[in-house]
Amino acid sequence: MARRFAARALCAAFVLAITLGTPTNADDAGSVSETTNLDVWPLPKSIRAGSGVANVVPSAFHIVLGNSSANHGTLPLVSAAIERLRTTLFLADTGAGTGATSPYRRASFPPVVNGYTQLETLLHDASDSIPAFRKLTVMPPTAQTEPITAENLEDASERYVLSLHETSGKLSADTEVGLLRGLETFAQLVRWMGADLGGYAIGPLPLVIEDAPRFAWRGLMVDTARHFLPVGHIFKTVDGMAAMKLNVFHWHFSDAQSFSYRSDVYPLLSEHGAYTPASSYSREQVAEVVQYAFARGIRVVPEFDVPAHSASWGKGYPELVAACEDTLKAGEADGDFEKQVDKVAMRPLADTTWTFLDKFFREVLETFPDPYIHLGTDEVNGDCWVADPDVAAFRDSHGYNWRSTLEVMFRRRLEKLIRSAAAGSPSRQKPIRFVLWDSESLGDIDSGKDDDESESSDNSDESEDDGGVALAQTWRFWERGQATQLHRRGYAAKLCCAIALSASSSNDLCQLSV
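Everything numeric in this text was worked out from a predicted model, so none of it was measured. (Residues numbered from 1 in each chain as written. Predicted model: local features only at pLDDT ≥ 70, side-chain atom pairs only at ≥ 80, totals over all residues. Heavy atoms only, no water.)

Quick look at the state of the cysteines
Taken as a whole, this structure holds one disulfide when the rule is applied. A sulfur-sulfur distance of 1.9 Å marks the disulfide that ties cysteine 324 to cysteine 384. Here the S-S torsion is close to -60°, and the disulfide linking cysteine 324 with cysteine 384 is therefore left-handed. On the criterion of sequence distance, the pair formed by cysteine 324 in the loop between helix H9 (311-316) and helix H10 (325-330) and cysteine 384 in helix H13 (residues 382-385) is long-range, its members being 60 residues apart. The pair cysteine 324 / cysteine 384 is uniform in exposure class, with both members buried. (Disulfide = S-S within 2.5 Å. Helix = DSSP H or I, 4+ residues; strand = E, 2+ residues; numbered from the N terminus. Buried < 20%, exposed > 50% of the residue type's maximum accessible area, 1.4 Å probe, protein only.)

Dropping the structure here:
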């Protein structure tokens, strides 16, 4: 476990330049040429720019929606985003003593040539008469046929086209989410250049950006089970994700160390399993985060790690986990407390465990609208598991591969339980899907085969059985072919830390972990 934790932390050290694709044709913007030199993160795939520049005067600048304010009520995500942008766009350190700074400035990385940023060079080279950029028109979505919800957010196109001239510009997109991404790009282009250079400026102009994600899942995992964060920090994290155009907040609530979700049906999970009772998030706080993220086009995918990494579950409900104190004490000689506590696992064959999990995950389905749930399912320690008499009997009757067999049985039973609960929920329209860490519960992915050997045909039956497993997430990015083997086993997609960024599949996913 210590190795996996270190691997997750190492993933965050990689700066992932998420390359974007080309969606639609843009309006003619005058004299422009293809370039990759632009102060926008992540860098769009298609950029056509001129060599002009304009000042942006806060008192004279306006954002309008569809040329008519009457449309604001029909596009709630975009309307709210425009209001936020009006508040944050001109919050750079201007010396006005406000003490406020815009997240867009902190999130951008201006290229520097000969000591000047691109925009500084344009301003220095400009004539005495610099035009004023006065208006951005945000057009209604062109391909949005139904309201976007937190449940169907994954299906919303993020494509947009931003076309800017010297005095005005236009933003168009397929959906509201695409408009959100385009507004983030526009916010990064408007920069405070200092009073000597006219205050705020935007350039190069004319400018046409055509953008769409290369990666459908651009995630950030935050592990509050090991590092609890006040809910205000979670909101700030979501703000940063929006500025970077990340779209999945993977919230790791439970692990051996603590249980940071405050359940209504099982309150002792956090009362006894969290670092302190206050080091957990109420369902009301979680709902606020989910709504806050949704307003920024970001999904919230919860992780509750089972059957291993469940020592925190057993703090409040000891009947859930195998009583393996002797195994833990025997391993204390190495001084690695984390390694020992990670051995504690749930009792997989006890009826009381399944009654508990059924009631708990029904609450989870009510709390989190996204169709994906992360179940962990990795790194079960057999020595601890067999402290449960039922597991010991299972081992004796199933032979050498008993542990992997039992892991697969547990996972499939839990998936069936959650799918059944989701299907019976009147508030859910989409089938539930699962994310798992790569482990023996997925089968033998450590086959040692080279990339050019057999495809996943030998595992077709298993892949069919795993119809609910959408994503297999690997943390062992240093092992050659790990992600490729997962992909070939028939799983619909894969998550990565720093691996497979050059893979060609449109379903490839990328995630940072902290």
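A word on the environment of threonine 377
By secondary structure assignment, the location of threonine 377 is in the loop between strand E15 (372-376) and H13. A C-alpha to C-alpha distance of 9.0 Å links threonine 377 and valine 408, two positions 31 residues apart in sequence.

Considerations on the environment of leucine 43
Note that leucine 43 resides in the loop between strand E2 (33-34) and strand E3 (46-55). A sequence separation of 166 residues divides leucine 43 from isoleucine 209, and the C-alpha atoms of the two residues are 9.9 Å apart.

Quick word on the packing of helix H14 (residues 389-398) against helix H15 (residues 402-423)
It is at 9 Å that the axes of H14 and H15 come closest, and there the two elements cross at 120°. Judged by the inter-axis angle, H14 sits oblique to H15. Viewed along their axes, H14 and H15 form a crossing whose handedness is right-handed. Packed against H14, whose contacting residues are Val391, Phe394, Arg395 and His398, the element H15 presents Trp402, Thr405, Leu406 and Met409 at the interface. Here the contact of H14 with H15 is built from residues that sort into five nonpolar, two polar and one charged. (Axes fitted to C-alpha atoms, helices over the stretch in contact; angles between N-to-C directions. Parallel < 35°, antiparallel > 145°, perpendicular 65-115°, else oblique. Left-handed = near helix turned anticlockwise from the far one by under 90°. Contact = heavy atoms within 4.5 Å. Nonpolar A, V, L, I, M, F, W, Y, C, P; charged D, E, K, R; others polar.)

Topic: the pairing of strand E7 (residues 135-138)
Judged from the four bridges that link them, strand E4 (residues 62-65) and E7 form a sheet pairing that is parallel. In the strand pairing of E7, valine 64 is matched with threonine 137. Sheet topology note: the E7/strand E9 (residues 168-173) ladder contains four bridges and is parallel. Each bridged residue has a counterpart across the sheet, and for valine 138 the counterpart in E9 is leucine 171. (Pairing = 2+ DSSP bridges.)

Some remarks on the packing of helix H2 (residues 76-88) against helix H5 (residues 176-189)
Where H2 meets H5, the axes come as close as 9 Å, and the angle between the chain directions of the two elements is 15°. The orientation of H2 relative to H5 falls into the category roughly parallel. When the axes of H2 and H5 are compared, the crossing they make is right-handed. Here Pro76, Leu77, Val78, Ala81, Ile82 and Leu85 of H2 lie close against H5, whose contacting residues are Glu176, Leu179, Leu180, Leu183, Phe186 and Ala187.

Quick look at H14
Of all the positions in H14, only Val391, Ala392 and Phe394 are classed as buried. Here the buried residues of H14 occupy an arc of 160° about the axis, which is enough to place them on one side. Along H14, the residues that are exposed and aim more than 90 degrees away from the buried face are Pro389, Asp396 and Ser397. Where H14 is buried, its residues touch H13 and H15. Where H14 ends, the next residue or the one after it, glycine 399, has phi of about 75°, a positive value. (Arc of directions from axis to C-beta.)

Here's the deal with unusual backbone geometry
Cis geometry is found at the peptide bond from tryptophan 41 to proline 42, where omega equals -10°. As for its placement among the helices and strands, proline 42 is situated in the loop between E2 and E3. With an omega of -5°, the peptide bond between valine 306 and proline 307 qualifies as cis. Residues other than glycine seldom take positive phi values, yet threonine 377 does so here, at roughly 65°. Of the residues examined, threonine 377 reaches a relative accessible area of 3% and is grouped as buried. Although it is not a glycine, glutamate 379 sits at a positive phi angle of roughly 60°. As for its position among the elements, glutamate 379 is in the loop between E15 and H13.

Overview of the packing of aromatic side chains
Applying the stated criterion to the full structure yields 32 aromatic pairs. Geometrically, the ring pair formed by phenylalanine 360 and phenylalanine 361 is edge-to-face, given 5.2 Å between the ring centres and 80° between the ring planes. Across this residue pair, the class does not change: phenylalanine 360 and phenylalanine 361 are buried. The ring of tyrosine 292 carries arginine 296 above its face, with NZ or CZ at 3.5 Å from the centroid. Here the basic side chain of lysine 359 rests over the ring of tyrosine 266, its NZ or CZ set 5.8 Å away from the ring centre. (Phe/Tyr/Trp six-rings, centres within 6.5 Å; stacked < 30°, edge-to-face > 60°. Lys NZ or Arg CZ within 6 Å of the ring centre and 35° of its normal.)

Concerning the pairing of strand E12 (residues 217-223)
In terms of residue burial, E12 counts as a mostly covered element, since seven of its seven residues are buried. Residues of E12 alternate between two faces, with Trp217, Gly219, Met221 and Asp223 on one and Arg218, Leu220 and Val222 on the opposite face, all of them buried. As judged from the five bridges shared by E12 and strand E13 (residues 248-254), these two strands associate in the parallel manner. Of the residues in E13, the one forming a bridge with aspartate 223 is histidine 252. In this fold, E12 hands off to helix H6 (residues 231-243), which returns the chain to E13; that crossover is right-handed. (Right-handed = clockwise from strand over helix to strand, strands pointing away.)

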